[in-house]
Each structure stands twice: as structure tokens, then as C-alpha cells.
Amino acid sequence: MASVKTRFLILSDTHGMAFSSERHPHQRADVAIHCGDLTEESKIAELRASLQLLKSLNAPLKLVIAGNHDFTMDVPMFKKKVADVRPPLEPELVEREYGAWGEVKTLFDDAKKAGIIFLDEGTHRFVLENGAALTVFASPFTPSLGDWGFQYHPQEGHDFPVEDGTDVFITHGPPKGIMDLTNSRKRAGCPDLFAAAARQRPRLHCFGHIHEAWGAKLVAWREKASEVPSHFSDIDNDRSVLVQNLVGLRRSKYDDDVSAKEKADKANAFLEDRCCRTSHCAGDDNPLEAGKQTLFVNAAIKSDDEDQAPQLPWLVDIELQLAPESESNKAISRKRKPTIDETDGETALLDKKRRK
């Protein structure tokens, strides 16, 4: 089946921030993706600001999920948090700061005309302007002992209902063992999510959540997934390629002046371009082999160390298969607007798999 080069602009964990004119990514993409934590405190003003940021991105289709900081979008959890406050909060105060019940959904419904699509957990299918067929699995859920939005107890785990043939995973948190190392040197990713990725082997898996693990890695899979997949047994490290991480951009105590300057020059080049680029299409140095490799991208923008090199969005090129109708008439397909195929896939409700 024929394929077409498709460009993704990926970001996460903006936490209500706006890009300055010097930092705003200007490149055009076929799809922009935001992997959650649109806000810091899930206030309605932050959500409006994040929608303005999304509208400013140069892409006809913009896919968005929630993160744990966006707890007002997890309505049962938000209602519980409000009910647990003592003394009780005034309803007028809650509505002024966080919006009325359902107001966030209305904001995103209104944003559809700007190409912004909010994704609940589940499978979503699109036909892009370039004629590509795109199947996405989305999930905002992360493991935690806290009481933020879209979280589950680590010991209980979570079922990620991924369908065969999924091209892209969009999750808020990382899979365990890939771009998930915290400053305390602990793996914060989800083993259930890793197992789903190892079995389905999407072309691209993007996320955020662990700010300090920003970066990208082209992971090669072993021939057959383990019965219980893990990053110890299912990754072929000899054939995997680290694209970039913060260690490669920021000076450490082990760097001499020469290596520190090399890192600084690389970081400045990315900053001048306002993004980090990587391409894995036919003819590139590391073309992606569908079914054998996955490009993992941690696109967390908010930095825990503002004095160091900034964490920039990712601009990623991969190849997707053309939609069946596009193969017979590519010119028409490239002109069509992105659409959601509501009849071809089901979207699970966010609260279907919700746990503590």
C-alpha cells in the first residue's frame, strides 16, 4: 500500500504558558498534538489561554488530550475534590475560577471549527489533508497515589484498549522504561502502557508528564513480544537509536569546555529553529520500519531548570499509509479537510476505565 510523508508538531505540559514570539513554532505540520497538562491548576482562564495557543499552531488538525493537572476535565474527580473541601466552597467561587459543570466541554466543542479535536480515551480515525489515513489511540491516564485527574493506583494498573493497526499513541504519561527517568533516577512510566506499545508497535508514541525526561528515541523491538512485555526483555538496544535528550544539550559536571560548547551550540541551533526536528522516512539515515520500530517522543515543554537549555516542541516526519480513496485520487485527497470517521471506530468513555 502506498504511503505519504506526514509531519507532526508535538508538545506537552505547557501548563497554561504562552509561547513568546521568539519561541513560537512557525513550521507547518499536517497534525499538531498536545499530550496533556494544558494547565497548572485547571482553571478556566488557563484552558482558554491553552486553546489560543493551539489555535496559533500552523496545522489544519490539532489533537489534544488531558493530563493530570487538567482535573476539571475528569468531572467525577473534580466533583469529589470540591465536595471534600472543608469548609465547603461557595458554588459561585468554584464557577468563577473553574467554570460551570460542562463549560470546558463547550469550549472544546466551539474550538472544533479551528481544527482542534479533544480526544477521550479510545481509538480515533482521521483522513488528513495529505491523503494519509491516521489511526490514533489516546489516553490521559497515569499511575499515581495522588488525587489529581485521570489517575489510577499503580498496583491496580490500567487497561489500555488499543486496537490492531494503530499508527500513533497519544498518552499523557510515558511507558515504563522509555523517556521516563526522573531526577531521582526512578522509572515513573506505566508497565501496562509499555506492554500495550510492545504488542501493538505503533509508528509513533508521544507523551509528556515527566518533564526532565524530554527527548526522543527510535526503539527497535525484538522479533516477538514477551508474554509479559517489559523494557528489559522486549527492546533490542543494539538497534535502537537515541535521537536527543536533555543530557545531550545541557552541561554537566563531567563536561569539559569543548563538550560543553558543543552542547550549547546544538541547543542554540534548536532554539533558533524553535523546535527539534527528526525525520524517519524512506531515504533518511534512520527510516522507521513499521511493525519493527517505534519512535517515542517525550515532548514536555515546561522545564524544571529554566537556567538550562529550553525544552522545545518536536517536529517529526514519518510515513503513513494513504487512505484507500487517496490511492485512486491523491489530488482530491490532499485538498479535503480532516474528518473523523465516527462509523469506523468507537471511542471509550473516559470514565469507563477510571480507577482510584
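Residues numbered from 1 in each chain as written. Predicted model: local features only at pLDDT ≥ 70, side-chain atom pairs only at ≥ 80, totals over all residues. Heavy atoms only, no water.

## Quick word on the overall build of the protein chain
What counts, and what does not: Counting from the N terminus, the helices are DSSP H or I runs at least four residues long and the strands are E runs at least two residues long. Atoms considered for the radius of gyration are the C-alpha atoms alone. The globule rule reads 2.2 Å times the number of residues to the power 0.38. Between buried and exposed lies partly exposed: a residue is buried under 20% and exposed over 50% of the maximum accessible area for its type, with that area taken using a 1.4 Å probe on protein chains only. Contacts were defined at the residue level, with two residues in contact if any of their heavy atoms lie within 4.5 Å. Where accessible areas are quoted, they stem from the Shrake-Rupley method and a 1.4 Å probe; at the residue level, only the protein chains shown are allowed to cover. Residues counted as positive are Lys and Arg, residues counted as negative are Asp and Glu, and His and the chain ends are not counted. The atoms used to mark charge sites are NZ of Lys, CZ of Arg, CG of Asp and CD of Glu.
Within the protein chain, the regular secondary structure consists of eight helices and 16 strands. Computed over its C-alpha atoms, the radius of gyration of the protein chain comes to 20 Å, within 12% of the 21 Å expected for a compact globule of 356 residues. With the C-alpha coordinates of the protein chain rotated into their principal frame, the extents come out at 60 × 55 × 50 Å. In the protein chain, which comprises 356 residues, the proportion classed as buried is 52%. At a minimum sequence separation of 6, the contacts of the protein chain that also span at least 24 residues come to 75%. Here the protein chain displays about 16800 Å² of accessible surface, and carbon together with sulfur accounts for 49% of that area. Between the averaged position of the 48 positive side-chain charges in the protein chain and that of its 57 negative side-chain charges there is a distance of 1 Å.

## Structural notes on the environment of Pro-154
Of note, Pro-154 is situated in the loop between β8 (151-152) and β9 (168-171). The sequence separation of Pro-154 and Thr-142 amounts to 12 residues, and the corresponding C-alpha distance is 8.6 Å. Once residues lying within four places of it in the same chain are set aside, the contact partners of Pro-154 are Pro-143, Ser-144 and Leu-145.

## Some words on the nonpolar core
Quick note on the threshold: The set of buried Ala, Val, Leu, Ile, Met, Phe, Trp, Tyr and Cys residues whose side-chain atoms join them within 4.5 Å is what this entry labels a nonpolar core.
Of all hydrophobic cores here, the largest spans 44 residues; its most connected members are Met-73, Phe-108, Phe-160 and Trp-221. Going through the elements one at a time, β1 (3-11), α1 (44-56), α4 (103-111) and α5 (191-200) are the ones with two or more residues in this core. Of all hydrophobic cores here, the second largest spans 40 residues; its members include Val-4, Cys-35, Leu-218 and Ile-318.

## What to know about the environment of Ser-144
Heads up, the condition is: As used in this structure description, the phrase polar contact means that two N or O atoms lie within 3.5 Å; if the pair is within protein, one of them must be able to donate a hydrogen and the other to accept it, and residues adjacent in sequence are counted only when both atoms belong to side chains.
Examined against the element boundaries, Ser-144 turns out to sit in the loop between β7 (142-143) and β8. In this structure, the C-alpha to C-alpha distance between Ser-144 and Gln-155, residues 11 residues apart in sequence, is 9.5 Å. Every residue in contact with Ser-144, bar those within four places of it in the chain, is listed here: Gln-151, Tyr-152, His-153 and Pro-154. Side-chain polar atoms of Ser-144 contact the backbone nitrogen of Gly-146, separated by 2.9 Å.

## Structural notes on the packing of aromatic side chains
What counts, and what does not: Two rings from Phe, Tyr or Trp (for Trp, the six-membered ring) form a pair when their centres sit within 6.5 Å of each other. Planes less than 30 degrees apart are called stacked, planes more than 60 degrees apart edge-to-face, and all others tilted. Consider the ring centre and the ring normal. A charge sits over the ring if Lys NZ or Arg CZ is within 6 Å of that centre and within 35 degrees of that normal.
Tallied over the entire structure, the rule returns 12 aromatic pairs. Positioned above the aromatic ring of Trp-101, the side-chain terminus of Lys-79 is 5.2 Å from the ring centre. A cation over a ring is seen here: Lys-81 above Trp-148, with NZ or CZ 5.8 Å from the ring centre.

## Some remarks on the side chain of His-34
Following the sequence through the fold, His-34 ends up in strand β2 (residues 31-34). You can call His-34 buried: its relative accessible area is 1%. A distance of 3.1 Å separates a polar atom in the side chain of His-34 from the backbone nitrogen of Gly-36.

## Considering the UniProt feature "domain: Calcineurin-like phosphoesterase" (unreviewed entry) in the protein chain
The condition is simple: UniProt positions are given in the numbering used here, feature names are shortened, and annotations may be inferred rather than shown by experiment.
In the numbering used here, UniProt assigns the "domain: Calcineurin-like phosphoesterase" (unreviewed entry) feature to residues 7-212. Annotation note: span residues 7-212, helix share 24%, strand share 20%, distance between end C-alpha atoms 25 Å.

## Some words on the pattern of salt bridges
Keep this limit in mind: By definition here, a salt bridge exists when the distance from a side-chain nitrogen of Lys or Arg to a carboxyl oxygen of Asp or Glu is within 4 Å.
Applying the stated criterion across every chain, the model contains 21 salt bridges. Across the pair Glu-97 and Arg-96 runs a salt bridge, and its minimum N-O distance is 4.0 Å. On the basis of relative accessibility, which here comes to 27%, the residue Glu-97 falls in the partly exposed class. Across the salt bridge formed by Glu-289 and Lys-292, the nearest N and O atoms sit 4.0 Å from each other. Given the relative accessible area of 38%, Glu-289 is considered partly exposed.

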